[in-house]
Amino acid sequence: MKSYSITVYRDRKILIVLLFLATFATSEEKGTHKPVNSQEGFLTNTFFIDYESDGLMDNTLEILRERSDLQFSTLDQFKVFHEFSFMNKVDESGVTFSHKIVDDAALDYKMVHYDHGNGISIADVDKDDLLDILFVSQIGGNELWRNTGNGRFENITEMAGVGLQDRVNVAASFADIDNDGDEDLYVTTVRMGNVLFENNGEGIFKNISRQAGLDYNGHSSGAIFFDYDRDGLLDLFLSNVGMYTSNKKGRSGYFIGLADAFSGHMMAHRAERSILYKNLGDNKFSDISEKVKLIDLSWTGDATFTDFNKDGYPDLYVLNMQGDDHYYENQGGVFFVDETNRYFPKTPWGSMGVKSFDYNNDGALDLFITDMHSDMTSTPKYDREKKKSDIDIHDSMWQDGSNNIFGNAFYKNSSNGDFMEVSGDLGVENFWPWGVGSGDVNADGYEDIFITASMNFPHRYGVNSLLLNNLGEKFLDSEFILGIEPRKNGEFAKEWFTLDCSDPNSRRPPCKDKEGFSKVMGALGSRSSAIFDLENDGDLDIVTNDFNSGPQIFVSDLNNKKEVNYLKIDLVGTKSNSNALGAIVKVYLKSKTLTKYKDGKSGYLSQSQIPLYFGLGKEEKVEKIEIIWPSGEVQSLSKDIPVNSIFIVNEKN
């Protein structure tokens, strides 16, 4: 008869340094380079916690209650509408997807980049005017869920042919690569070949990776489509992290991570160049990185494009999860120049998520970057989560670090080409952040922020952050006020794996002083998210892709609490790429002007094709819409502009 004990990794009681696990690694896993001492210091304050099951729930819920009380005590600061809420309706949605992970993030846990998780991508794949969801899973296959209306979804993965059950998947991007009016799909993997799927127009996909030249095999991560040379065809920038795996394979066929993976950025031979592919037409792409002088060897997980200098050519901001970010300015579609020092002399050290948007409605695009890895130096108490990390930059791990920010960065665009880092003033610091998404969740005309967070096993629980924009003055923590936290049914942990402690070969910490089978628990946590109107009822909802568990589907009740005025704009390029990626849209109201840049960035490791959503506040009329298309054409509309509906705008030739 099996006997079980419960072990939960939290943040009190027994301290066991994470490097203890690395001693179990084989020589092949460690690679040819001796682990750098500073990696050991990278997580000296991260530890295993042994909890008996009794009292665990009370302890965590007590902490969450304290945070909730603190957040509600700030209600007198809110100048914007907040008397609505989100409810996790995953059960009602019919979605049964559950994210699955490799053993390096569970049974054989080690500090390796597999714990970064996966993306979630949104698009109307079958052209029925409802937005569908692609959940990416590390192993076990991705799943495509078709929106059937009224908040319900059905699994069409097998019919669509996009499961990729035999690969270790990372990121996903929807885009119309051939301008035929339907959304194609690109999925990245870890050393199993990236995949380009062509959509036949009905949500059925064909793998065309090899003939397209996009079947790169490496440590790939985020991928973004954009038209760098404005020829009307979407090109692709592929972020490659760096060599963090060995050649030895584990269960499910994944490549086992190197024990010193987080020292990889200090070893030049482990760098893996990211790639810019030019779309040649006829579904063929070519690596032109060297030709356009875009040689990026950062340990990058993601990137975005924007047009800060307003010359019409999209520039690239490339994140570095272990070092300096890089901003490459596009020189007329011919080549790129690294202008990081000019615009961003200090960047986050451990950048993970990025989003460019106009937070204060001054017409200039600002830039928000989340920093995860700077938070991996310690596990602070909750009351320090809004502060920057305290780093000793003299440690070799940080490679000087004098030009880095050790926490989130928010760059306010002054409109004259200068940026000011104002994350502290705006209140956008949080702990263990991954992806960032923006959307006007209370439809008042100001973009709000949603940040996925938490590190899961073997760390304590971390909350997702929903920051309401307080009229462009600052952002206010609202996740407890609006029902994002605590999680449904008060859950914060789940069974991560089971150990047989009677096995003499089991030397892992959870088996200390135990016999029989030990159930090891791990904290829940989200990685990526998407903000969109999944019910077509006029307010924005939020869907997450969590790590090693099911998603959360937060449905807003805003339109039941107030009159919601909004406008959705769906752009269709003709001379430009059909998705109109790179377009600037200005919506002129009587009291203000709203500006959006269509980049498709939606949370972490994801690119989606979602109509632009403009909350109009109390205004019921749009005075004018101005669109600067990627082609450079300018189009103004001032007659018969509908509100509280979707407005499809075709590029005027």
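As shown above, the structure is provided for reference.
Note that the structure is predicted; figures quoted are calculated from it, not measured.

Caption draft 1: Geometry of the overall build of the chain. Secondary structure assignment for the chain yields 10 helices and 43 strands. Sorting the 653 residues of the chain into buried and exposed places 65% on the buried side. The contacts of the chain with a sequence gap of at least 6 include a subset with a gap of at least 24, amounting to 63%. When the accessible surface of the chain is summed, it comes to about 23,700 Å², and 47% of that surface belongs to carbon and sulfur atoms.

Caption draft 2: A look at the pairing of strand β40 (residues 612–615). Going residue by residue along β40, you find L612 and F614 tucked away on one face and Y613 and G615 tucked away on the opposite face as well. Judged from the four bridges that link them, strand β36 (residues 566–572) and β40 form a sheet pairing that is antiparallel. Note that in β40 the partner of K568 across the bridge is Y613.

Caption draft 3: A look at the packing of aromatic side chains. All chains considered together, the criterion is met by 32 aromatic pairs. Ring geometry for Y186 versus F225: centroids 6.3 Å apart, planes at 80 degrees, classification edge-to-face. Pair noted here: Y186 is in strand β8 (residues 184–189) and F225 is in strand β11 (residues 220–226), with a separation of 39 residues, a long-range link. Relative to F410, the ring of Y359 has its centre 5.1 Å away and its plane inclined at 80 degrees; by these criteria the two rings are edge-to-face. Note that Y359 is positioned in the loop between β22 (351–357) and β23 (366–371) and F410 in strand β25 (residues 409–413), a separation of 51 residues in sequence. As far as the burial class goes, Y359 and F410 line up, both buried. Of the aromatic side chains, those joined through ring pairs into one cluster are F308, Y317, Y327, Y343, F344, Y411 and F419. Across from the ring centre of F547, 4.3 Å away, lies the NZ or CZ of R527, which sits over that ring. We note K624 situated over the ring of Y588; from NZ or CZ to the ring centre the distance is 4.6 Å.

Caption draft 4: Geometry of the environment of K592. Mapped onto the fold, K592 is located in the loop between β37 (584–588) and β38 (593–597). By relative accessible area, which is 19% here, K592 ends up buried. As for K592 and L616, which are separated by 24 residues in sequence, their C-alpha atoms are 9.5 Å apart. Each residue touching K592, except ones within four places of it in the same chain, is listed here: N361, D444, G445, Y446, V587 and E619.

Caption draft 5: Inspection of the sheet that holds strand β28 (residues 448–453) at higher detail. Taken together, the four strands give an open sheet; going across it, the order is β27-β28-β29-β30, and neighbouring strands pair in antiparallel fashion. At either end of the open sheet lies a strand with only one pairing partner, and these are β27 (433–439) and β30 (475–477). The sheet shows a mean angle of 25 degrees between the axes of neighbouring strands, taken without regard to direction. Of the strand pairs in this sheet, β27 and β28 are connected by five bridges, and their pairing is antiparallel.

Caption draft 6: Region of interest: the pairing of strand β16 (residues 284–287). Here strand β15 (residues 275–281) runs beside β16; their pairing, made up of four bridges, is antiparallel. Pairing of G281 across the sheet is with K284, part of β16.

Caption draft 7: Seen up close, the pattern of salt bridges. Applying the stated criterion to the full structure yields 24 salt bridges. Put simply, E473 and K79 hold a salt bridge, and the shortest N to O gap is 2.9 Å. Of the two residues, E473 is situated in the loop between β29 (465–469) and β30 and K79 in the loop between α4 (56–72) and β2 (86–88); the sequence distance between them amounts to 394 residues. Overall, the relative accessible area of 52% leaves K79 in the exposed class. Here R342 makes a salt bridge to E339, at a shortest N to O gap of 3.8 Å. R342 sits in the exposed class, given a relative accessible area of 56%. Via salt bridges that share partners, D126, D128, R146 and E154 belong to a single interconnected network.

Caption draft 8: Spotlight on the sheet that holds β38. Ordered by their spatial adjacency, four strands build an open sheet running β38-β37-β41-β42, and the pairing between neighbours is antiparallel. Two strands in the sheet have a free side with no partner beyond their single neighbour: β38 and β42 (634–637). In this sheet, adjacent strand axes meet at a mean angle of 15 degrees when their direction is disregarded. Of the pairings in the sheet, the one linking strand β41 (residues 624–628) to β42 comprises four bridges and is antiparallel in character. Its bridge partner lying in β42, I628 is registered against V634.

Caption draft 9: Quick peek at the nonpolar core. Within the largest apolar cluster, 46 residues are counted, with the highest numbers of intra-cluster contacts made by F237, L276, L316, F344 and Y411. At the level of secondary structure, the elements contributing two or more residues to this core comprise β11, β12 (235–240), β15, β17 (303–306), β18 (315–318), β19 (326–331), β23 and β25. A total of four residues in this core trace back to one element, the largest contributor, which is β11. Lining this core are residues from two domains, each supplying at least three of them: domain 1 (59–487 + 524–560) and domain 3 (566–650).

Caption draft 10: Broad picture of unusual backbone geometry. Between F457 and P458 the backbone carries a cis peptide bond, its omega angle lying at 5 degrees. Within the fold, P458 resides in the loop between β28 and β29. Positive phi is not limited to glycine here, since D282 has a value of about 55 degrees. When its relative accessible area of 73% is taken as the criterion, D282 is described as exposed. One non-glycine residue, K293, lies in the positive phi region at around 60 degrees. Exposure remark for K293: the relative accessible area of 54% places this residue in the exposed category.

Caption draft 11: Looking closely at the side chain of S578. Mapped onto the secondary structure, S578 falls in the loop between β36 and β37. By relative accessible area, which is 13% here, S578 ends up buried. Among the polar contacts made by the side chain of S578, one reaches the side chain of D176 at a distance of 2.6 Å. Those residues in contact with S578, other than ones at most four positions away along the chain, are D176, N179, L571, V572 and G573.

Caption draft 12: View of the side chain of S549. Of note, S549 is situated in the loop between β34 (541–546) and β35 (552–556). Classification of S549 as buried rests on a relative accessible area of 8%. Excluding residues within four positions of it along the chain, S549 makes contact with S98, H99, K494 and L524.

Conventions adopted
Residues numbered from 1 in each chain as written. Predicted model: local features only at pLDDT ≥ 70, side-chain atom pairs only at ≥ 80, totals over all residues. Heavy atoms only, no water. Helix = DSSP H or I, 4+ residues; strand = E, 2+ residues; numbered from the N terminus. Buried < 20%, exposed > 50% of the residue type's maximum accessible area, 1.4 Å probe, protein only. Contact = heavy atoms within 4.5 Å. Areas by Shrake-Rupley, 256 points an atom, 1.4 Å probe, with all protein chains shown as cover. Pairing = 2+ DSSP bridges. Phe/Tyr/Trp six-rings, centres within 6.5 Å; stacked < 30°, edge-to-face > 60°. Lys NZ or Arg CZ within 6 Å of the ring centre and 35° of its normal. Axes fitted to C-alpha atoms, helices over the stretch in contact; angles between N-to-C directions. Salt bridge = Lys/Arg side-chain N within 4 Å of Asp/Glu carboxyl O. Core = buried A, V, L, I, M, F, W, Y, C linked by side-chain atoms within 4.5 Å. Domains from an automatic or database assignment. Polar contact = N/O pair within 3.5 Å; in protein donor to acceptor, adjacent residues only side chain to side chain.

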